[in-house]
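Structural description and commentary
Here are the chains, one letter per residue:
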Amino acid sequence: MAATVDGPKMNEQVDLTTIPVSPNGDVADANASNDIKTIFHDKEHFNVKHPLQNKWTLWYTKPPSGKGDNWNDLLKEIITFDSVEEFWGVQNNVTPVSKLAQKADYHLFKSGVRPEWEDVQNKHGGKWSYQFKSKDSINIDELWLHVMLAAIGETLEDEEDGEIMGVVVNVRKAFFRIGVWTRTTGKSVPGRGDGDVAGGKGRSPEKGKKVLMDIGQRFKNLLNLAPGELIEFSGHTDSAHSGSSRAKAKFTV
Ligand code: MGP
């Protein structure tokens, strides 16, 4: 699906009144007359929404305007949604990745989780990621859409895994990078006692690693990569220590 080119200015909160995220009209009246209209019947006056399993928040990293901008000032929350209809309302109204300035990012994260290493739900986790170095030969808008749909459709993991925190796209001078953030690195979480294996899910380290490798394989399939291409998993503590996301890979698939 093609996204609109003229999106809102990305350093501002989206004007929610411009996005058809909620049913218009009087839902009570519609119910009384049994008049159920989905978005497929009427794109503006629908009164039925299809809930997502989780609530999601879209974030944006504004490119730095000069020296001295810190990460926190650049990270902006755009909108939170929990239905299929709202997702499409957002997708059709934000600037596509291909039109973002260099050093911008989108982050689609479970509501309540900030898309940063320091968040309590991310700090023991990591990410699978891949850098697309030939920017002109890929359709980044379509890839990012597929990655977002896999996240909100919960197809990147099995239900009991509880690993997916969010997905990210980075626009950089020499590449686009797409990543998926996980809650653990497959190991036990320090300081939570012996009972806490692989992040409190009672998994052995082998099982913890297998869960992550399966997520990596699904993510790789989604990105349409040639079998010879490798995606890399790295832990956020390594990124935070080195002050760079280019931390050494722990696993590849
Ligand atoms: P990046 O966007 O993950 O990678 O981080 P990029 O652009 O390839 O750059 P590099 O520095 O890894 O080579 C860019 C910068 O943003 C990092 O160096 C950090 O300064 C900052 N940053 C990124 N993230 C995801 C975080 C975060 O979660 N917390 C904090 N404090 N800073 C971050």
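Residues numbered from 1 in each chain as written. Predicted model: local features only at pLDDT ≥ 70, side-chain atom pairs only at ≥ 80, totals over all residues. Heavy atoms only, no water.

Quick look at helix 5 (residues 205-222)
Applicable threshold: The helix count covers DSSP runs of H or I at least four residues long, the strand count covers runs of E at least two residues long, and both are numbered beginning at the N terminus. To estimate how far a helix should reach, multiply one less than its number of residues by 1.5 Å. The contact criterion used is simple: two residues touch if any of their non-hydrogen atoms lie within 4.5 Å.
A rise of 1.5 Å per residue sets the reference length of helix 5, with its 18 residues, at 26 Å; its end C-alpha atoms lie 26 Å apart and thus fit the reference within 8%. Of the surrounding elements, those touching the buried residues of helix 5 are strand 4 (126-132), helix 4 (140-152), strand 5 (164-171), strand 6 (176-182), strand 7 (232-235) and strand 8 (251-252).

Points about the sheet that holds strand 3 (residues 105-110)
Two strands in a sheet stick together by hydrogen bonds in their backbones, pointing the same way (parallel) or opposite ways (antiparallel). To keep it simple, the criterion reads: Pairing between strands requires that DSSP locate at least two bridges from one strand to the other. For helices, the fitted axis covers only the stretch in contact; all axes are lines through C-alpha atoms, and the angles between them, taken along N-to-C directions, range from 0 to 180 degrees.
Reading across the sheet, the eight strands line up as 2-1-3-5-6-4-7-8 and stay open at both edges, with antiparallel pairing between neighbours. Edge positions in the open sheet fall to strand 2 (75-83) and strand 8, since each of these has one partner strand only. Pairing of strand 4 with strand 7 involves four bridges; the strand directions are antiparallel. Counted as the bridge partner of W128 is F233 from strand 7. In this fold helix 4 packs onto strand 1 (51-61), strand 2, strand 3, strand 4, strand 5 and strand 6, with an angle of close to 170° to the strand it touches most, strand 5.

Details of the packing of aromatic side chains
We apply this condition: Working definition: rings of Phe, Tyr and Trp (its six-membered ring) pair if their centres are within 6.5 Å, and the pair is stacked with planes under 30 degrees apart, edge-to-face with planes over 60 apart, and tilted otherwise. Think of it in three bands: with a 1.4 Å probe and only protein chains considered, a residue is buried below 20% of the maximum accessible area for its type, exposed above 50%, and partly exposed in between.
One pass over the structure, following the stated rule, counts eight aromatic pairs. Note on F81 and F87: the rings are 5.9 Å apart at their centroids and 55° apart in plane angle, and the pair reads as tilted. By the burial criterion, F81 is buried, and F87 matches it. Consider the rings of F109 and W181, whose centres lie 5.3 Å apart with planes at 85°: the pair is edge-to-face. On the criterion of sequence distance, the pair formed by F109 in strand 3 and W181 in strand 6 is long-range, its members being 72 residues apart. Note on accessibility: F109 and W181 belong to one class, buried. One aromatic cluster is present, built from ring pairs that chain together F81, F87 and W88.

Observations regarding the pairing of strand 5
The buried fraction of strand 5 is high, at eight of eight residues. Linking two consecutive strands that pair antiparallel, namely strand 5 and strand 6, is a turn of four residues.

Observations concerning the pattern of salt bridges
Rules: A side-chain nitrogen of Lys or Arg and a carboxyl oxygen of Asp or Glu constitute a salt bridge if their distance falls within 4 Å.
For the coordinates displayed, the defined rule picks out seven salt bridges. As a salt-bridge pair, D214 and K210 come within 2.8 Å of each other at their nearest N and O atoms. A residue pair is termed a helical-turn pair when its members lie 3 or 4 positions apart in one helix, as D214 and K210 do in helix 5 at four residues. The exposure class of K210 is partly exposed, given its relative accessible area of 46%.

Side note on the packing of helix 3 (residues 84-91) against helix 4
The test is simple: Roughly parallel here means an angle under 35 degrees, roughly antiparallel means over 145, roughly perpendicular means 65 to 115, and every remaining angle is called oblique. In this scheme the crossing of two helices becomes right-handed for a clockwise turn of the near helix relative to the far one and left-handed for an anticlockwise turn of less than a right angle. All amino acids are sorted into three groups, where Ala, Val, Leu, Ile, Met, Phe, Trp, Tyr, Cys and Pro are nonpolar, Asp, Glu, Lys and Arg are charged, and the leftover types, Gly among them, are polar.
Running from N to C, helix 3 and helix 4 cross one another at 160°; their axes reach a closest spacing of 12 Å. The pairing of helix 3 with helix 4 is recorded here as roughly antiparallel in orientation. Taken as a pair, helix 3 and helix 4 cross one another with a handedness that is right-handed. Seen from helix 3, the contacting residues are F87, W88 and Q91; seen from helix 4, they are L145, M148, L149 and I152. The residue inventory of the contact of helix 3 with helix 4, partitioned by class, reads six nonpolar, one polar and no charged.

Focus on helix 3
For helix 3, a buried count of six out of eight residues is recorded, marking the element as mostly surrounded by other parts of the structure. Among the residues of helix 3, those classed as buried are E85, E86, F87, G89, V90 and Q91. Buried residues in helix 3 make contact with strand 1, strand 2 and helix 4.

Distances and angles like these do not, on their own, reveal function.
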